[in-house]
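# Secondary and tertiary structure notes
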Amino acid sequence: MTRDVDDQLRNFLADEATRVMRDAPSVGVAVARLATKLDPRPARVPGLLPILLAAALLTIAALGSVLAIGSGLVRLPLVIDVPAPMESQAPPNTGPPSAASGNDIAYATEEGLSPLFLVRPDHEPQQVTPSGDIGSDVVCPAFSPDGARLAVGMPAGSVGVMEVDEDGRIADARRLDTGASESPHCVAWAPDSSAVALLDGSALVIVSLAGERQRIEGWDIAAEDLSFPTSYPADRAIEWSPDGASIAVARPSGTWLVPLDDTAPRRLHETPTFSVSWSPDGTRLVVGAAGPRALVIDVADGRTLTEMSIGSSPPVWSPVSDRIAFSDEGAGLVVVRPDGTGRLTITDYGYHPTWSPDGKQLLYLQDVGGAAWRLMVAASDGSGQPGVIVGAVAISSARSFPPAGQFSWRPVLHSEP
Amino acid sequence: MSLMGSTMNPMPAPPSELALTETSSLEDQLTDFFGAHYDRMTRLAGLICHEGVSAEDAVQAAMEQAWRRRASLVDRSRMRWWLDRIVVREAIRLNRRRLWTRFTSSPENHEAALPLADRAQEMTGQRIALAAAFRALPVEQRAVCVLHLYLGYSVPEAAQLTGATLETTRSRLRLARRRLRAELTEDES
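Residues numbered from 1 in each chain as written. Chains lettered and ligands numbered in written order. Predicted model: local features only at pLDDT ≥ 70, side-chain atom pairs only at ≥ 80, totals over all residues. Heavy atoms only, no water.

Helix and strand counts for chain B come out as 8 helices and 0 strands. Ordered by position from N to C terminus, the α and β elements of chain B give α-α-α-α-α-α-α-α. Buried positions account for 52% of the 189 residues belonging to chain B. If you take every contact in chain B between residues at least 6 apart in sequence, the share linking residues at least 24 apart comes to 72%. (Helix = DSSP H or I, 4+ residues; strand = E, 2+ residues; numbered from the N terminus. Buried < 20%, exposed > 50% of the residue type's maximum accessible area, 1.4 Å probe, protein only. Contact = heavy atoms within 4.5 Å.)

This is the structure:
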């Protein structure tokens, strides 16, 4: 009987495969899209002849396209490469009635290099990059703990650092040379806001705002990357300890603690992990592990204190209390105590939770259809109704929803008017 | 760039068939590989994806992932296997997001995502039942079925490709077969 089912299924899959190919674009189109996306080089200034030729070709192509589309001969391409906030059925920028913070929230719109926006409740999102200061898409915005700066990963492996004033205005953007590989990197700030750290492959790179660089490598154990995928750039995979003495790193080889004195890095736990988050007292870590599971680890001896099933979002520890937020297997947003008790469902549907600096609220994402998402906020004690920070942000068809590392909540509360 | 024709060759190729040499650059090899295996990758993603999730998106995202992570490819003779793993996981990831969307989207959207009736004229009754049952499988079970029964990977290989344990993979295959068998039996009766 099993053989019979298998045979029928094989035949069915073969037929379905043929149907799939009928609807697929050509390989040329796919490779061209890829090349367009992966080549961040600025356009060179062409000579006069190429300009004239290009103008003529564009004119002909435009006329041809109008005729072809009008006659139904050509389908418009699916890729829309200019994602931007747009209105949806949900009203934008309407914070919850209990909104406690007027802090800025930085977000990049898609997975990987994307436009960067800054928003605060009751204001329109402001595009920060690409701009005159930083002309490219970026990854992983991260506010410094003192709230004065915003760091972003840049296309050529450098880190952009911008000053942000109280009104959310950007000034004095500059690049930190990381000496890392030419891919965008996600950074973690030192608690005193004096430096950033990033993961370059299996090396940990620390760059001070003064430009001094330190590269710590040779500590990781080569892990067979077949059983545990890691996205790139690493997303919430490193975090500085609250006392600034060490950095926790999530790797396919396990969870590592890299001290910043001259002592050797230590593997705390051998389970492959993709994210780390410190408890406020610095005694424990909650890590996102293969499964996916959330493991609470004792930093002193690497013991697993608690193990919980989660969805694919990184679990995050409240910055002020013994509470951990994560998206569960059904994409419900929950908050629990570190021992797994006191489970509180904040909302039935939400992922990539980010705590507010005061621990009173959680920022999270919801899909809006298949090609857009919205930014939500809810009280972390489950009270009141969730509110919408940004109504809907469209993503292009060949891109993915932004991972958790594409969001950052500014740590400093603004003074009340 | 040489392109594979439309002839279907779903079985995994032995390393010697890949014609990869250490002399050409990894970028060139990867580009050629995209061209040669694009159809196969699209079929793989398309069979795993539920209706409403674009196989094209999954393949595009996988190609981007592969390109960005090409330095992690240690053994170039395993490029096909490596690429399949990325495609499978991208397809599963996109489908999970799709499922999350379905939890909260309107009933109209659910109906729009299930245009099976549109294709009913092409299929017999039992084939319709099989199609509906296969579509109703969780995406992880679909992936294991496609990898094992269509692409010919062994169950341990399918486990590695999907990032699941061997026991989980066996269990997914067993559950998928049980569900499909039940649907087919019900249709016959």
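Having seen it, we continue.
Turning to the environment of Ala-61 of chain B, a few remarks are in order. Inspection of the secondary structure assignment puts Ala-61 of chain B in helix α2 (residues 55–68). Owing to a relative accessible area of 5%, Ala-61 of chain B belongs among the buried residues under this scheme.

With that out of the way, let us pick up the packing of aromatic side chains. Applying the stated criterion across every chain yields a total of 6 aromatic pairs over all chains. With a centroid separation of 5.7 Å and 70° between ring planes, the pair formed by Phe-12 of chain A and Phe-134 of chain B is classed as edge-to-face. Of the two residues, Phe-12 of chain A sits in helix α1 (residues 2–23) while Phe-134 of chain B sits in helix α5 (residues 125–136), which places them in two different chains. An aromatic cluster of three or more residues is present, and its members are Tyr-107, Phe-117, Trp-373 and Phe-407 of chain A. (Phe/Tyr/Trp six-rings, centres within 6.5 Å; stacked < 30°, edge-to-face > 60°.)

Attention now moves to unusual backbone geometry. Residues and elements named next belong to chain A. A cis amide bond, omega -10°, links Thr-129 with the succeeding residue Pro-130. Residue Pro-292 is reached from Gly-291 by a cis peptide bond, and omega for that bond is -5°. Here Cys-140, not a glycine, exhibits a phi torsion of approximately 50°, which is positive. Inspection of the secondary structure assignment puts Cys-140 in strand β5 (residues 139–143).

What follows is about the packing of helix α6 (residues 139–150) of chain B against helix α7 (residues 155–162) of chain B. Angle between the axes and distance between the axes: these two values describe a pair of packed helices. All names here are of chain B. The interhelical angle for the contact between α6 and α7, taken along N-to-C directions, is 135°, at an axis separation of 9 Å. The angle between α6 and α7 falls in the class oblique. In the crossing of α6 with α7, the sense of the turn from one axis to the other is right-handed. Along its contact with α6, which presents Ala-143, Leu-147 and His-148, the element α7 presents Val-155, Ala-158, Leu-161 and Thr-162. (Axes fitted to C-alpha atoms, helices over the stretch in contact; angles between N-to-C directions. Parallel < 35°, antiparallel > 145°, perpendicular 65-115°, else oblique. Left-handed = near helix turned anticlockwise from the far one by under 90°.)

Moving on, we get to the state of the cysteines. Residue and element names in this part refer to chain A. One pass over the full model with this rule turns up 1 disulfide over all chains. In this model Cys-140 forms its disulfide with Cys-186; the gap between the sulfur atoms is 1.9 Å. Here Cys-140, found in strand β5, pairs with Cys-186, found in the loop between β8 (170–176) and β9 (187–189); they are 46 residues apart in sequence, far enough to count as distant. One exposure class covers both Cys-140 and Cys-186, and it is buried. (Disulfide = S-S within 2.5 Å.)

All names here are of chain B. With 12 residues, α6 extends 15 Å between its outermost C-alpha atoms, agreeing within 8% with the 16 Å of an ideal straight helix rising 1.5 Å per residue. By the burial criterion, the buried members of α6 are Val-139, Glu-140, Gln-141, Arg-142, Ala-143, Val-144, Cys-145, Val-146, Leu-147, Leu-149 and Tyr-150. Gly-152 sits one or two positions beyond α6 and adopts a positive phi of about 80°. (Expected span 1.5 Å × (residues − 1).)

With 12 residues, α5 of chain B ought to run about 16 Å at 1.5 Å a step, and its terminal C-alpha atoms sit 17 Å apart, in line with that. Along α5 of chain B, the residues that are buried comprise Ala-129, Leu-130, Ala-131, Ala-133, Phe-134 and Arg-135 of chain B.

So, on to the pattern of salt bridges. Residue and element names in this part refer to chain A. Taken as a whole and judged by the stated rule, the model has 23 salt bridges over all chains. Across the salt bridge formed by Arg-149 and Glu-163, the nearest N and O atoms sit 3.3 Å from each other. Pair noted here: Arg-149 is in strand β6 (residues 149–153) and Glu-163 is in strand β7 (residues 159–164), with a separation of 14 residues, a long-range link. Judged by relative accessible area, Arg-149 falls into the buried class, the value being 19%. Note that Arg-303 and Asp-298 form a salt bridge whose closest N and O atoms lie 3.2 Å from each other. Accessibility expressed as a relative area gives 46% for Arg-303, which makes it partly exposed. (Salt bridge = Lys/Arg side-chain N within 4 Å of Asp/Glu carboxyl O.)

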